[in-house]
Amino acid sequence: MQPVFGIDFGTTNSALSIYHNGTVEVVAVDGTDRSGELMRSVLYFNEDNEIFAGNEAVRQYVGDGATGRFMQSIKTFLPNTSFDSTEIFGKRYAIDDLVAIIIRQIKARGEAYLGCPVERVVLGRPVLFSTDAAKDAVAEQRLEKAARKAGFKQIQFQYEPVAAALAFEETLQPGQERIVFIGDFGGGTSDFSVIRVKGGAFDRPDRRSDVLSLGGVYVAGDKLDSQIMWDKVAHYFGRTARYKTLGKDDWVTMPRSIIYTLCQWHRIPLLRARKTREHIRVIKGSTDDRQAIQNLENIIDDNFGFFLFQAIESAKCRLSDQEQARISFTERNLCISEQLSKLEFETINRENFRQIADCIDDVVARSGLATARIDSVFLTGGTSHIPHIQALFAERFGREKLHTRQAFTSVVHGLGSSVPLFTWN
């Protein structure tokens, strides 16, 4: 069989594996060492019509003084049927064009590593792009279209938690069988499955009967960051500001739609819409917190939302092994310094954690098995390191059953392992 790529196009990061001569290898796509195994799923368009992806996009964006157009979390727009395309410096890009730029770069780096062209790919996808079946189908169609624009001719899809299960399977001894609950925590979605796995060579290429249940929820790392933004940081940008509407003396609060958009890092550029900017200008003229509204205008004009959310994410990550962390960020006249405790983080994200817990219980229930029948729990993705997430599983299955391995690359490794399961022409 000719080499086949496995590509995990993620909300935050993307990665590549290669299936060749019966083995799977995860290769660097944004550097030459292990640190380059992940490529940030970001794009930067400068004013000279040059396009950069991954860490190079971040470097160029910073080097240009945060000018140009910086785009992130593009995957979250795939099921959004109201977002079809965007204009960047006079050229219109469909959503699949944007995704294709990233996939094309990953493909090129994989081909350079192999020294030959590759036309086949297994793409990872979440269990649910959207709870709306029609939008879910649109998202997969867009992802497939992007892969074809990137140069792939034969495309297969694999559920991301199933791919993680196949990676876990390789840790088993030949003949060793396990029923495993997989928790795959990405930037945009948390996906779960209960699957039967077996060590050693498997004599049945069709593994569909081994998948006992699947489920997912649109709550993951980005949503937790957004909650921190809402509760701890958004007041710097007018969340608690009031203003008077034209011709009236009554105070009204900031439109929730503006603050809601502000608290989703990938949606901040949408605040540049002409009507929204005009609305913010009117608010600024009669607000009781003019500096906060100025900060709001600055984050829109200077496009520093990416760096602000990096500071928020950094504080969140430190809470995995600390009781306290500080959110620190400085830009123009804005200086943010907010202490965040682990307890406060868990409290403000109570509803998000409840949705994850409910989805876990639902996936177990639909498997038809009691929790005691599940032998192992395999958690992958950066959010799986959060103590409260691990506690959700420990309470249900027992801490001794929890396993973590290659938190950021197990899915892409499993996509490579999926290759023999498909029929290729």
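Quick summary incoming for the structure in this document. (Residues numbered from 1 in each chain as written. Predicted model: local features only at pLDDT ≥ 70, side-chain atom pairs only at ≥ 80, totals over all residues. Heavy atoms only, no water.)

1. Some remarks on the packing of helix α11 (residues 350–367) against helix α12 (residues 387–397)
The line we're drawing: For helices, the fitted axis covers only the stretch in contact; all axes are lines through C-alpha atoms, and the angles between them, taken along N-to-C directions, range from 0 to 180 degrees. Note on conventions: DSSP H or I runs of at least 4 residues are helices, E runs of at least 2 residues are strands, and numbering of each starts at the N terminus. Each crossing is labelled by how the near helix is turned from the far one, with a counterclockwise turn of less than a right angle marking it left-handed and a clockwise turn marking it right-handed. In this analysis, two residues are considered to be in contact whenever any of their non-hydrogen atoms come within 4.5 Å of each other. Classes in brief: Ala, Val, Leu, Ile, Met, Phe, Trp, Tyr, Cys and Pro nonpolar; Asp, Glu, Lys and Arg charged; the others, Gly included, polar.
Where α11 meets α12, the axes come as close as 11 Å, and the angle between the chain directions of the two elements is 35 degrees. Our pair here, α11 against α12, has a crossing hand that is right-handed. Contacts from Phe353, Ile356, Ala357, Ile360, Asp361 and Val364 in α11 reach His388, Ile389, Leu392, Phe393, Arg396 and Phe397 in α12. Of the residues that constitute the contact of α11 with α12, the class distribution is 9 nonpolar, 1 polar and 2 charged.

2. Some points on the pairing of strand β10 (residues 120–125)
Keep this limit in mind: Here the term buried applies to any residue with accessible area under 20% of the maximum for its type, exposed to any over 50%, and partly exposed to those in between, with areas from a 1.4 Å probe on protein chains only. Here, a strand pair is defined by DSSP locating no fewer than two bridges between the strands. Seen with the strands pointing away from the viewer, any crossover whose path from the first strand over the helix to the second strand runs clockwise is right-handed.
Burial within β10 is extensive, with 6 of its 6 residues counted as buried. Neither face of β10 is left uncovered, since the one carrying Arg120, Val122 and Gly124 and the one carrying Val121, Leu123 and Arg125 both have all their residues buried. When strand β1 (residues 4–9) meets β10, the two strands line up parallel, connected through 3 bridges. Within β10, the residue paired with Phe5 across the bridge is Val121. What joins β10 to strand β11 (residues 154–159) is helix α3 (residues 133–149), and the crossover it makes is right-handed.

3. Some details on unusual backbone geometry
In this structure, Asn21 takes a positive phi of about 55 degrees despite not being glycine. With respect to the element layout, Asn21 can be found in the loop between β2 (13–20) and β3 (23–27). Take Asn21: its relative accessible area is 65%, and that puts it in the exposed class. Phi at Asn49 takes a positive value of approximately 65 degrees, unusual for a residue other than glycine. Here Asn49 falls in the exposed class, since its relative accessible area comes to 56%.

4. Re the sheet that holds strand β14 (residues 211–217)
Strand order in the open sheet formed by 5 strands is β14-β13-β12-β19-β20, and the pairing between neighbours is mixed. At either end of the open sheet lies a strand with only one pairing partner, and these are β14 and β20 (402–404). Direction aside, neighbouring strands of the sheet carry axes that sit 25 degrees apart on average. Set on the sheet, helix α4 (residues 160–169) makes contact with β12 (177–185), β13 (190–198), β14, β19 (376–380) and β20; between it and β13 the angle comes to about 40 degrees. In this fold α11 packs onto β12, β13 and β14, with an angle of close to 160 degrees to the strand it touches most, β14.

5. A word on the pattern of salt bridges
Here is the rule: Salt bridge, as used here: a side-chain nitrogen of Lys or Arg that lies within 4 Å of a carboxyl oxygen of Asp or Glu.
All chains considered together, the criterion is met by 27 salt bridges. Here Asp301 and Arg277 are joined by a salt bridge, their closest N and O atoms 2.8 Å apart. One end of the pair, Asp301, is in helix α8 (residues 290–302); the other, Arg277, is in helix α7 (residues 274–286), and 24 residues separate them in sequence. The exposure class of Arg277 is partly exposed, given its relative accessible area of 24%. The shortest N-O distance in the salt bridge between Glu297 and Lys284 comes to 2.9 Å. Of the two residues, Glu297 is situated in helix α8 and Lys284 in helix α7; the sequence distance between them amounts to 13 residues. Per residue, the accessibility class of Glu297 equals that of Lys284, and both read buried.

6. As for the nonpolar core
Condition: The term nonpolar core refers to a set of buried residues drawn from Ala, Val, Leu, Ile, Met, Phe, Trp, Tyr and Cys, joined through side-chain atoms within 4.5 Å.
Of all hydrophobic cores here, the largest spans 72 residues; its most connected members are Phe181, Phe192, Phe237, Leu296 and Phe393. If you tally residues by element for this core, the top one is α11, at 7 residues. Ile95, Val118, Ala139 and Ala147 belong to the second-largest nonpolar core, a separate cluster that totals 38 residues.

7. Observations concerning the packing of aromatic side chains
Test applied: Any two of the Phe, Tyr and Trp rings considered here, Trp counted by its six-membered ring, make a pair once their centres fall within 6.5 Å; the pair's planes then place it as stacked at under 30 degrees, edge-to-face at over 60, or tilted in between. Think of it as a cone above the ring: NZ of Lys or CZ of Arg counts as a charge over the ring if it is within 6 Å of the ring centre and within 35 degrees of the ring normal.
All chains considered together, the criterion is met by 22 aromatic pairs. Aromatic ring contacts, followed pair by pair, group Tyr44, Phe52, Tyr61, Phe70, Trp265, Phe306, Phe307 and Phe309 into a single cluster. A cation over an aromatic ring shows up here: Lys107 above the ring of Phe152, its NZ or CZ 5.3 Å from the ring centre. The aromatic ring of Trp251 is capped on one face by Arg242, whose charged end is 4.7 Å from the ring centroid.

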